[in-house]
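For reference, the chains in residue letters:
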Amino acid sequence: MTIWRAIDRVWEFPQPPLIMGIVNVTPDSFSDGGKYATAASAVNHALDLENSGATILDIGGESTRPGAEPVTQEEELNRVIPVIEKLAGKTEAAISIDTQKPDVAREALKAGAIIINDIAANRKDEAMWQLVAETKSGYVAMHMLGAPKTMQRNPKYSDVLNDVEAFFNCQMERWTDWGMSLEQVVLDPGIGFGKNLEHNLALMKGLERLTRMERPLAMGTSRKSFIGELTGAEVNDRLPGSLASACRAAQAGAAIIRTHDVKETTQALKVWAATN
Ligand code: 8Y7
């Protein structure tokens, strides 16, 4: 048995995967009616995702799509903090902050988040880890090669599964050195983050290597490019491929599935769990 701690919450694994619902708070992802309307629609969307089966709500204010431009800290705070504050009193789901910025993460925890989803767990600076150690938040540590703006320019590995596993082993040592408990940590291979189709498929085919590691594994494949590359489907037409890859991740022992399509993923995983 493995436990995952995030401030006052504890989850025990193995169990069927928890669903992390994606809540993007970017100006045009919900509304063009100004800040308040955007925050209110994001909160409503998050509550819908909870009702549809999400145990974790992942709130993000900065697009990390390949080639995306960074947003300023002030803008990111303006986007996510009102949403987390409003949501905190209304949801029983755990609130996760998807940010690369330690100061945004700190404010998000004050506003009611208990998990930091860090796509930049390859960072050089330790401020994020000191915050995780100090607050005892949960920490989803995602593998990324490089940074979002340039990561898809010809990524190279000697062996992607070995390299990702070695990265996690190396970082786990650093995290404990910085005072974090590994009980706070979930690992995530970062599908699409500095990975071409062949790399993404190698990770998915060999996923058991990563789910056998000492910490639970999170996985995000929802609507991602590899599904388009395999099938020709456009981004809003990738639900079937997203569900197939969610079931594959569940079969490999993944602990958390991050998805836009919570209702559909919940149904798929229920059938998977009942027949497995
Ligand atoms: C992931 C993620 C994104 C992922 C974790 C998208 C923020 C791109 N992908 N976080 N974030 N894992 N932990 O298409 O795979 O959702 S953003």
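Here the structure is a predicted model, which means the values were calculated and not measured.

J.: Mind showing me how you'd approach the overall build of the protein chain here?
T.: Tallying secondary structure elements over the protein chain gives 11 helices and 10 strands in all. With the C-alpha coordinates aligned to their principal axes, the bounding extent of the protein chain is approximately 45 × 45 × 40 Å. Within the protein chain, counting contacts between residues at least 6 apart in sequence, those at least 24 apart form 69% of the total. Carbon and sulfur atoms make up 49% of the accessible area of the protein chain, which amounts to about 12300 Å² in all.

J.: Would you explain the packing of aromatic side chains in this entry?
T.: Note on aromatic pairs: each is described by the distance of the centres and the angle between the planes. The tally for this structure, following the rule as stated, stands at four aromatic pairs. Relative to Trp175, the ring of Trp129 has its centre 6.4 Å away and its plane inclined at 70°; by these criteria the two rings are edge-to-face. Taken together, the residues span a long stretch of sequence, with Trp129 in helix 5 (residues 127-135) and Trp175 in helix 6 (residues 160-177) at a distance of 46 residues. Residue class for Trp129 comes out buried when judged on its relative accessible area of 0%. Ring-pair connections join several aromatic residues into one group, and the members of that group are Trp129, Tyr139 and Trp175.

J.: Which parts of the structure should I look at to understand the nonpolar core?
T.: For soluble globular proteins, the rule of thumb is that nonpolar side chains tend to be buried together. Ile59, Ile116, Tyr139 and Trp175 are the most contacted members of the largest nonpolar core, which totals 66 residues. No other element matches helix 6, which puts seven residues into this core. Aside from chain neighbours lying at most four places away, what touches Ile59 is Val23, Val25, Val80, Val83, Ile84, Leu87, Ile95, Ser96, Ile97 and Asp98. By size, the runner-up hydrophobic cluster in this structure holds 15 residues, among which are Leu18, Ile115, Val186 and Ala255.

J.: Help me out: how do you make sense of the sheet that holds strand 4 (residues 56-60) in this one?
T.: Consider a sheet: its strands pair through backbone hydrogen bonds, and that pairing is either parallel or antiparallel. Read from one edge to the other, the open sheet built from eight strands follows the order 8-7-6-5-4-3-10-9, with strand pairing classed as parallel. Whereas interior strands pair on both sides, the edge strands pair on one side only; in this sheet they are strand 8 (185-188) and strand 9 (218-220). The mean inter-strand angle of the sheet, taken between neighbouring strand axes irrespective of direction, is 25°. Where strand 3 (residues 18-24) and strand 10 (residues 256-259) come together, four bridges link them in parallel fashion. Across the sheet, the residue bridging to Gly21 is Thr259, located in strand 10. Contacting strand 3 and strand 10, helix 11 (residues 262-274) runs over the sheet at an angle of about 165° to strand 3.

J.: What should I look at first to understand the site of the ligand in this one?
T.: Contacts to the ligand come from Thr64, Arg65, Asp98, Asn117, Ile119, Val140, Met142, Asp188, Phe193, Gly220, Lys224 and Arg258. Within the contact set of the ligand, an oxygen atom lies 3.4 Å away from a backbone nitrogen or oxygen of Gly220. Residue Arg258 places a side-chain N or O atom 2.9 Å away from an oxygen atom belonging to the ligand. Looking at the shell around the ligand residue by residue, the class counts come to four nonpolar, three polar and five charged.

J.: In this structure, what is going on with the environment of Arg106? I would like to understand it.
T.: Its place among the elements puts Arg106 in helix 4 (residues 102-111). In this structure Arg106 touches Leu131 and Glu134, once residues within four positions along its chain are discounted. Of the polar contacts made by the side chain of Arg106, one reaches the side chain of Glu134; its length is 3.1 Å.

J.: What exactly am I supposed to notice about helix 10 (residues 239-252) here?
T.: For the α-helix, the turn length of 3.6 residues means that residues three or four positions removed from each other point alike. With 14 residues, helix 10 should cover 20 Å at 1.5 Å per step; its first-to-last C-alpha distance of 20 Å lies within 8% of that length. All buried positions along helix 10 are accounted for by Ser242, Leu243, Ser245, Ala246, Ala249, Ala250 and Ala252. Contacts made by the buried residues of helix 10 are with helix 7 (197-205), helix 8 (208-211), strand 9, helix 9 (225-231), strand 10 and helix 11. Looking one or two residues past helix 10, Gly253 carries a phi angle of roughly 100°, positive in sign.

Criteria and cut-off values
Residues numbered from 1 in each chain as written. Predicted model: local features only at pLDDT ≥ 70, side-chain atom pairs only at ≥ 80, totals over all residues. Heavy atoms only, no water. Helix = DSSP H or I, 4+ residues; strand = E, 2+ residues; numbered from the N terminus. Contact = heavy atoms within 4.5 Å. Areas by Shrake-Rupley, 256 points an atom, 1.4 Å probe, with all protein chains shown as cover. Phe/Tyr/Trp six-rings, centres within 6.5 Å; stacked < 30°, edge-to-face > 60°. Buried < 20%, exposed > 50% of the residue type's maximum accessible area, 1.4 Å probe, protein only. Core = buried A, V, L, I, M, F, W, Y, C linked by side-chain atoms within 4.5 Å. Pairing = 2+ DSSP bridges. Axes fitted to C-alpha atoms, helices over the stretch in contact; angles between N-to-C directions. Near = heavy atom within 4 Å. Polar contact = N/O pair within 3.5 Å; in protein donor to acceptor, adjacent residues only side chain to side chain. Nonpolar A, V, L, I, M, F, W, Y, C, P; charged D, E, K, R; others polar. Expected span 1.5 Å × (residues − 1).

So yeah, pure geometry; function would need other evidence.
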